[in-house]
Amino acid sequence: GLESGFDESMRIKNTLDTIEATSREAPSWNTLALLVNCELRLWRLNENTPLRHNPFLTHWVDALLPWAASSAARGRAHATEPGITTEMMFLTRVGLIKAMLHRANRHEDSSEFCGTSPRDLYNAFVRTPTQVYLDSQPFDIAPFLRMLVEEGILEPEATPDGHETLPTPPSTAAPTPSETYGSPRLNDFQQWKQDILEKLQTAPVPTVLEITHLPLELSYLDFLTTLLVDHALEEKSIDPEPVITSYIQHSLRSIEQMGRPPGSGPVVQGSAGEVVDHGREAQSRAVKLLLLFVRNLIRKELVGAQVLYFEIQEICVRYVWIKEVREFKRWV
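Fair warning: this is a prediction, and the values are worked out from it, not measured in the lab.

### Concerning the overall build of the chain
Okay, so step 1: Helix and strand counts for the chain come out as 15 helices and 0 strands.
Okay, so step 2: Counting all 332 residues of the chain, 46% fall into the buried class.
Okay, so step 3: Per element, the accessible surface of the chain, about 17000 Å² overall, is 52% carbon and sulfur.

### Looking at the pattern of salt bridges
Okay, so step 1: For the coordinates displayed, the defined rule picks out 11 salt bridges.
Okay, so step 2: Between R318 and E256 there is a salt bridge; the shortest N-O distance is 3.6 Å. Note that R318 is positioned in helix α14 (residues 309–318) and E256 in helix α12 (residues 240–258), a separation of 62 residues in sequence. Residue R318 shares its accessibility class with E256, and that shared class is buried.
Okay, so step 3: R318 is paired through a salt bridge with E314; the nearest N and O atoms lie 3.4 Å apart. Remark: E314 and R318 occur in helix α14; sequence separation between them is 4 residues, near one turn of the helix.
Okay, so step 4: Among the charged side chains, a salt-bridge network with shared partners connects R253, E256, E314 and R318.

### Describing helix α4 (residues 86–105)
Okay, so step 1: Helix length check: α4, at 20 residues, gives a terminal C-alpha distance of 28 Å against a target of 28 Å (1.5 Å per residue), a fit within 8%.
Okay, so step 2: Among the 20 residues in α4, 15 count as buried, and that is most of the element.
Okay, so step 3: With its phi angle positive at about 60 degrees, H107 sits one or two positions after the end of α4.

### A word on unusual backbone geometry
Okay, so step 1: For H231, which is not a glycine, the phi torsion comes out positive at approximately 55 degrees.
Okay, so step 2: Along the chain, H231 falls in the loop between α10 (218–229) and α11 (232–235).
Okay, so step 3: Judged by relative accessible area, H231 falls into the partly exposed class, the value being 44%.
Okay, so step 4: The backbone of S237 shows a phi angle near 60 degrees, a positive value even though the residue is not glycine.
Okay, so step 5: Here S237 shows up in the loop between α11 and α12.
Okay, so step 6: Exposure remark for S237: the relative accessible area of 70% places this residue in the exposed category.

### Some thoughts on the packing of helix α2 (residues 29–46) against α4
Okay, so step 1: Closest axis-to-axis distance for the α2/α4 pair is 10 Å, and the angle between their directions is 15 degrees. It follows from the interaxial angle that α2 and α4 lie roughly parallel. Along this stretch, α2 crosses α4, giving a crossing that reads as right-handed. Contacts between α2 and α4 involve T31, L32, L35, V36, E39, L40 and W43 from the first element and M89, T92, R93, L96, I97, M100, L101 and A104 from the second.
Okay, so step 2: Looking at the contact of α2 with α4, its residues break down into 11 nonpolar, 2 polar and 2 charged.

### Some details on the nonpolar core
Okay, so step 1: Formed by 90 residues in total, the largest nonpolar core has its most connected members in L101, I248, L290 and F293.
Okay, so step 2: The element that contributes the greatest number of residues to this core is helix α13 (residues 280–299), accounting for 10 residues.
Okay, so step 3: Two domains each provide a minimum of three residues to this core, namely domain 1 (5–68 + 84–151) and domain 2 (186–262 + 277–331).
Okay, so step 4: Those residues in contact with L290 that sit more than four places away from it in its chain are L216, I248, S251, L252, I255 and I315.

### Re the packing of aromatic side chains
Okay, so step 1: For the structure shown, the criterion picks out 8 aromatic pairs.
Okay, so step 2: Summarising the aromatic geometry, the rings of Y309 and F310 are spaced 5.3 Å apart at their centres and angled 85 degrees between planes, so their arrangement reads as edge-to-face.
Okay, so step 3: Residue class for Y309 comes out partly exposed when judged on its relative accessible area of 36%.
Okay, so step 4: Accessibility expressed as a relative area gives 53% for F310, which makes it exposed.
Okay, so step 5: Their ring planes at 65 degrees and their centres at 6.5 Å tell us that Y319 and W321 sit as a pair that is edge-to-face.
Okay, so step 6: Three or more aromatic residues joined by ring pairs make a cluster, and in this case those are W192, Y220 and F223.
Okay, so step 7: Here the basic side chain of R119 rests over the ring of W29, its NZ or CZ set 4.0 Å away from the ring centre.
Okay, so step 8: Stacked on the ring of W321, the Lys or Arg R280 has its end atom at 3.9 Å from the ring centre.

### Here's the deal with the confidence of the model for the chain
Okay, so step 1: Here the chain averages 77 in pLDDT, while 75% of its residues score no lower than 70.
Okay, so step 2: Here residues 71–81 scores under 50 on pLDDT; set against residues more than four positions off or in separate chains, the count is 19 contacts.
Okay, so step 3: Note on residues 163–186: pLDDT under 50 across the span, and 41 contacts to partners over four residues away in sequence or across chains.

Basis of the calculations
- Residues numbered from 1 in each chain as written.
- Predicted model: local features only at pLDDT ≥ 70, side-chain atom pairs only at ≥ 80, totals over all residues.
- Heavy atoms only, no water.
- Helix = DSSP H or I, 4+ residues; strand = E, 2+ residues; numbered from the N terminus.
- Buried < 20%, exposed > 50% of the residue type's maximum accessible area, 1.4 Å probe, protein only.
- Areas by Shrake-Rupley, 256 points an atom, 1.4 Å probe, with all protein chains shown as cover.
- Salt bridge = Lys/Arg side-chain N within 4 Å of Asp/Glu carboxyl O.
- Expected span 1.5 Å × (residues − 1).
- Axes fitted to C-alpha atoms, helices over the stretch in contact; angles between N-to-C directions.
- Parallel < 35°, antiparallel > 145°, perpendicular 65-115°, else oblique.
- Left-handed = near helix turned anticlockwise from the far one by under 90°.
- Contact = heavy atoms within 4.5 Å.
- Nonpolar A, V, L, I, M, F, W, Y, C, P; charged D, E, K, R; others polar.
- Core = buried A, V, L, I, M, F, W, Y, C linked by side-chain atoms within 4.5 Å.
- Domains from an automatic or database assignment.
- Phe/Tyr/Trp six-rings, centres within 6.5 Å; stacked < 30°, edge-to-face > 60°.
- Lys NZ or Arg CZ within 6 Å of the ring centre and 35° of its normal.
- pLDDT = per-residue confidence, 0-100.

Structure (structure tokens):
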């Protein structure tokens, strides 16, 4: 399904980040094989998503930016067999990404790369470089940068020299939580909180499930924060970290559902009476509110960033088109 495909994509991206870091210290043909195979798998999992809306376009463009920023990086990697350098690995990976993006932009299939060995890719892109995979046309990164700028993902000043004229993405002021989210009546809500605390003592399992499926609203986020500050869960021998990660995961599934037309796709089960808005604007509002919660947890050291690693990664990749997400990524 869509969720499992995205989860697998995130695991592959995390693997790529790890391999890339280690490859700088110990380049090898095996490491190059891992790099290109991961890139190919990531591509195949997401190739049916239009590039403009592909959550991993940022990943591929980021990989190309060092190449685009320095013409000196091209064609200078040479080594005698069987040696391989970090530069050779970088240029092979860059060549593969360029070829796949070029094909996708022309609505052409990239499946042929899946049957090509890493050594053959190295020969084609680095050792004896040709334009065979680009149909004799020089690769231009500008269209892909423009997609990211127009979607509000990339700031113009972050692009390489020569692309300063890319249009500035429109910015919209974020609504305050009080403008966007309502709260239960105070008396009812106070009674609800008292009931929850009592049920945590008498029936912890169903009560924890209820807590993890609370709506993404400011009043409930305040309640969850209070539970952590007061150590209310620990006092009842309940580990708070799985509770919080489960709640964030439920919120992410609800936000994902907002991106689908009403009535399409699986329905995320939540609290009774929970109303799910739909559309890109609704998603943006919900993500901003969830970010406030996550940032607050980390700043107050209530939950460590490492505990929320996968949730943070999903937010930063899936919703990179939201300005506050990009700011959060730099902060975290």
